[in-house]
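One-letter residues, chain by chain:
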Amino acid sequence: MVCAALVALAACATVFAVGTGTYELSPVEVVRTFAGSGPPGAEFIVLDLRLPRALVAVLVGFGMGMAGAVFQSLTRNPLGSPDITGFGNGASAGALVAIILFDAGDAQTAIGAVCGGFATAAAVYLLAWKRGVHGYRLVLVGIGASAVLGSATNFLYVRADIGKAAQAASWMIGSLNARDWGDVRIAALGLVLLVPVVLACTRRLTMLEMGDDTASALGVPPEGSRLVLLCAGTGLTAMAVAAAGPVPFVAMAAPHLARRVTRAAGPNVLPAAWMGALLVSAADLLTQRVTGSALLPVGVVTGVVGGVYLAWLLRGERRAGRV
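Residues numbered from 1 in each chain as written. Predicted model: local features only at pLDDT ≥ 70, side-chain atom pairs only at ≥ 80, totals over all residues. Heavy atoms only, no water.

Undergrad: Can you break down the overall build of the chain residue by residue, with the values?
TA: Scanning the chain from terminus to terminus reveals 15 helices and zero strands. Over its C-alpha trace the chain gives a radius of gyration of 20 Å, about what one expects of a compact globule, namely 20 Å for 323 residues. Reported as C-alpha extents along the three principal axes, the dimensions of the chain are approximately 65 × 50 × 40 Å. Residue burial in the chain is summarised as follows: out of 323 residues, 53% are buried. (Helix = DSSP H or I, 4+ residues; strand = E, 2+ residues; numbered from the N terminus. Rg over C-alpha atoms; globule rule 2.2 N^0.38 Å. Buried < 20%, exposed > 50% of the residue type's maximum accessible area, 1.4 Å probe, protein only.)

Right, here's the structure in full:
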């Protein structure tokens, strides 16, 4: 029921976003255009110009929300999202290497993001290993990796010529501007390949939240399951980053908000995924409504709202005596 409501809200935000722009369309006109009976000229504007951007928003938000739920559940830490633990930064660094050093297109950028994400995941996993990989150790090593990757990213900017640096800078903010059907295919490919893996491992994820000993007693191999889920979450993050850049804080906020809505224990993987889709779609709509255009990167909105949310979350953790 909650997932259905989130899907409906995300669909509404998408329809309103598609209708927003210099050539305004009402939600009814947008739906009619989807059905093939829209106003003159609307089909090109809706299907070719605006729909890819809106679909990328939904797909990227879905992937980031699901990845955030996986990482927070594995680390048993509310801050254990790809944004904080460096996995998203690894994907961003890999994509920047492809853009700045190899002048890559969409497909090559996606490959760079995936390689960077998995290389970072492998490094963090090995550095955090001590008779297994557990919660706070994974988060702390990930924060260190994130700092190193941030320095490497700055170095790439310094070495790049002004044109590539400007292109990379606009992408690094997290933007849906000028998204096309190629970006839709990149984001959709990640979901098609990895969402079934996460859903198939949801029971294992729930068992791992209870601790390795309990999971082992219930027949779930802890390290093997953790490694598969880390790879799936990293892949989802990397493909989302490849399609839209590192849209900040969505992976962290979506699982928290999903748990508040469902009021259910456990990873809440699907509600978190649809909450992520709703957050990015709503942020995309807000950027267009506030500026009157699509020029403001969606990452600016999610960064501002997410920063406030992070401060509120840390205040709650401090009052509870956990930090």
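The rest of the description comes next.
Undergrad: Hey, could you go over the environment of valine 58 for me, with residue numbers and the actual values?
TA: The residue valine 58 is located in helix H3 (residues 42-75) in this model. Take valine 58: its relative accessible area is 16%, and that puts it in the buried class. Note: C-alpha distance between valine 58 and proline 255 (197 residues apart in sequence) is 16 Å. If we ignore the near neighbours within four places in the chain, the residues touching valine 58 are Thr14, Ala277 and Ser281. (Contact = heavy atoms within 4.5 Å.)

Undergrad: Describe the pattern of salt bridges, with residues and values.
TA: In total, this model carries two salt bridges according to the counting rule given. The residue aspartate 183 makes a salt bridge to arginine 179 at a minimum N-O spacing of 3.8 Å. Just as aspartate 183 is buried, arginine 179 falls in that class too. (Salt bridge = Lys/Arg side-chain N within 4 Å of Asp/Glu carboxyl O.)

Undergrad: So what about the packing of helix H6 (residues 106-128) against helix H12 (residues 222-244)? Which residues, and what values?
TA: Where H6 meets H12, the closest approach of the two axes is 8 Å, and the angle between their N-to-C directions is 145°. Where H6 crosses over H12, the handedness of that crossing is right-handed. Between H6 and H12, the contacting residues are Thr109, Ala110, Ala113, Val114, Gly117, Phe118, Ala121 and Tyr125 on the first element and Glu223, Leu227, Leu230, Cys231, Thr234, Gly235, Ala238, Met239 and Ala242 on the second. Taken together, the residues of the contact of H6 with H12 sort by class into twelve nonpolar, four polar and one charged. (Axes fitted to C-alpha atoms, helices over the stretch in contact; angles between N-to-C directions. Left-handed = near helix turned anticlockwise from the far one by under 90°. Nonpolar A, V, L, I, M, F, W, Y, C, P; charged D, E, K, R; others polar.)

Undergrad: Describe a nonpolar patch on the surface, listing the residues and the values that go with them.
TA: Together, Ile173, Val300, Val304 and Val305 give the surface a local cluster of nonpolar side chains, amounting to about 320 Å² of exposed area. By secondary structure assignment, the location of valine 300 is in helix H15 (residues 298-319). Valine 300 gets classed as partly exposed once you look at its relative accessible area, which sits at 33%. (Patch = residues over 30% accessible without salt bridge, like charges linked within 9 Å, V, L, I, M, F, W, Y side chains within 5 Å. Areas by Shrake-Rupley, 256 points an atom, 1.4 Å probe, with all protein chains shown as cover.)

Undergrad: If you had to explain the packing of H3 against helix H13 (residues 250-262) to someone new, which residues and values would you point to?
TA: When two helices pack together, their arrangement is given by the angle between the helix axes and the distance between those axes. Put simply, H3 and H13 touch, their axes get as near as 7 Å, and they point 75° apart. Judged by the angle between their axes, H3 and H13 are roughly perpendicular. Along the contact surface, H3 presents Gly61, Met64, Gly65, Gly68, Ala69 and Gln72, while H13 presents Val250, Ala251, Met252, Ala254, Pro255, His256 and Arg259. In terms of residue class, the contact of H3 with H13 is made up of seven nonpolar, five polar and one charged. (Parallel < 35°, antiparallel > 145°, perpendicular 65-115°, else oblique.)

Undergrad: Would you mind going over the packing of aromatic side chains in detail, with residue names and values included?
TA: Within this structure, the stated rule accounts for two aromatic pairs. Ring geometry for phenylalanine 62 and tryptophan 274: centres 5.0 Å apart, planes at 80°, overall edge-to-face. Placement of phenylalanine 62 in helix H3 and of tryptophan 274 in helix H14 (residues 269-291) is noted, with a sequence separation of 212 residues between them. Taking the relative accessible area as the measure of exposure, phenylalanine 62 reaches 10% and is therefore buried. Classification of tryptophan 274 as partly exposed rests on a relative accessible area of 23%. Residues phenylalanine 71 and phenylalanine 87 carry aromatic rings whose centres are separated by 4.7 Å and whose planes lie at 35° to one another, so their mutual orientation is tilted. Within this pair, whereas phenylalanine 71 is found in helix H3, its partner phenylalanine 87 is found in helix H5 (residues 87-102), the two being separated by 16 residues in sequence. Accessibility expressed as a relative area gives 1% for phenylalanine 71, which makes it buried. Its relative accessible area of 1% is what places phenylalanine 87 among the buried residues. (Phe/Tyr/Trp six-rings, centres within 6.5 Å; stacked < 30°, edge-to-face > 60°.)

Undergrad: Can you lay out the environment of asparagine 77 for me, pointing to particular residues and giving the numbers?
TA: Note on placement: asparagine 77 falls in the loop between H3 and helix H4 (82-85). Separated by 61 residues in the primary sequence, asparagine 77 and leucine 138 have C-alpha atoms spaced 9.9 Å apart. In this view, asparagine 77 contacts Gln72, Tyr136 and Val139; residues no more than four positions away in its chain are not counted.

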